[in-house]
Amino acid sequence: QVQLVESGGGLVQAGGSLRLSCAASGRAVSSYSMGWFRQAQGKERDFVAAINWSDSGTRYADSVSGRFTISRDNAKNTVYLQMNSLKPEDTAVYYCAAASTPYLRRGSRINEYDYWGQGTQVTVSS
């Protein structure tokens, strides 16, 4: 079992950057494949990025590819989402998730994940 606590959200102007953090307690975060999802106002929760436990391989939604980077610091038991060149359409609540599998089949489906953080608000002004 793992508990996830997200931080780093806030208000930023378009073109700016934010780094979201997901601190894990319990079992080491390196034992889980990790994902980031986001949910905009009135919309469904959508996939953003994922990183495998087995090989640290990553995948990204097309909408964030080249702008966002998911990474993991095993020593700090923390997963990060570095967000650059932010756009107003990136505005959403961002959620960290953990999957009890070393290799994600797709990574983009919410039912692949077993644990979720509380979410952190990211607002990008135009």
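Conventions adopted
- One numbering rule holds for all chains: residues counted from 1, following each sequence as written.
- It should be noted that, the model being predicted, local features are given only for residues of pLDDT at least 70 and side-chain atom pairs only at 80 or more, the latter also being counted only at that level, while totals for whole chains, interfaces and linings use all residues.
- Heavy atoms from the whole structure form the basis of all side-chain values; hydrogens and water molecules are not counted.
- Any two strands with at least two DSSP-identified bridges between them are counted as paired.
- Numbering goes from the N terminus for both helices and strands, where a helix is a DSSP run of H or I of at least four residues and a strand is a run of E of at least two.
- Only C-alpha atoms enter the line fits that serve as axes; for helices the fit covers just the stretch in contact. Angles between N-to-C directions range over 0 to 180 degrees.
- By salt bridge we mean one thing: a side-chain nitrogen of Lys or Arg within 4 Å of a carboxyl oxygen of Asp or Glu.
- Only protein chains enter the accessibility calculation, which uses a 1.4 Å probe. A residue is then buried if its area is under 20% of the maximum for its type, exposed if over 50%, and partly exposed in between.
- Put simply, a disulfide is two cysteine sulfurs that come within 2.5 Å.

A. Region of the structure containing the sheet that holds strand β8 (residues 78-83). Here four strands make up an open sheet; going across it, the order is β1-β3-β8-β7 and the pairing antiparallel. What marks the edges here is a single partner per strand, and that holds for β1 (2-7) and β7 (68-73). Going from strand to strand, the sheet's axes swing by 20 degrees on average, the running direction of each strand aside. Here strand β3 (residues 18-26) runs beside β8; their pairing, made up of six bridges, is antiparallel. Bridge assignment links Leu20 to a residue of β8, and that residue is Leu81.

B. Inspection of the pattern of salt bridges at higher detail. Per the counting criterion, the structure on display carries three salt bridges. Across the salt bridge formed by Asp90 and Arg38, the nearest N and O atoms sit 2.9 Å from each other. Separated by 52 residues along the polypeptide, Asp90 in the loop between β8 and β9 (92-99) and Arg38 in strand β4 (residues 33-39) bring together distant segments of the chain. The closest approach of N and O atoms between Arg109 and Glu112, which form a salt bridge, is 3.9 Å. Its relative accessible area of 13% is what places Glu112 among the buried residues. The network of salt bridges with shared partners includes Arg38, Arg67 and Asp90.

C. Representation of the pairing of strand β5 (residues 45-51) in the model. Burial within β5 is extensive, with five of its seven residues counted as buried. Between β4 and β5, which pair antiparallel in sequence order, lie five residues; one of them, Gly42, sits at a positive phi of approximately 75 degrees. Taking the residues between adjacent antiparallel strands as the criterion, β5 and strand β6 (residues 58-60) are bridged by six residues, where Ser56 takes a positive phi near 60 degrees.

D. Main features of the state of the cysteines. All told, the structure shown has one disulfide when counted by the stated rule. Here Cys22 connects covalently by a disulfide to Cys96, the sulfurs 2.2 Å from one another. Taking the torsion about the sulfur-sulfur bond, which here is approximately -80 degrees, the covalent link between Cys22 and Cys96 counts as left-handed. Of the two residues, Cys22 sits in strand β3 while Cys96 sits in strand β9, which places them 74 residues apart along the sequence.

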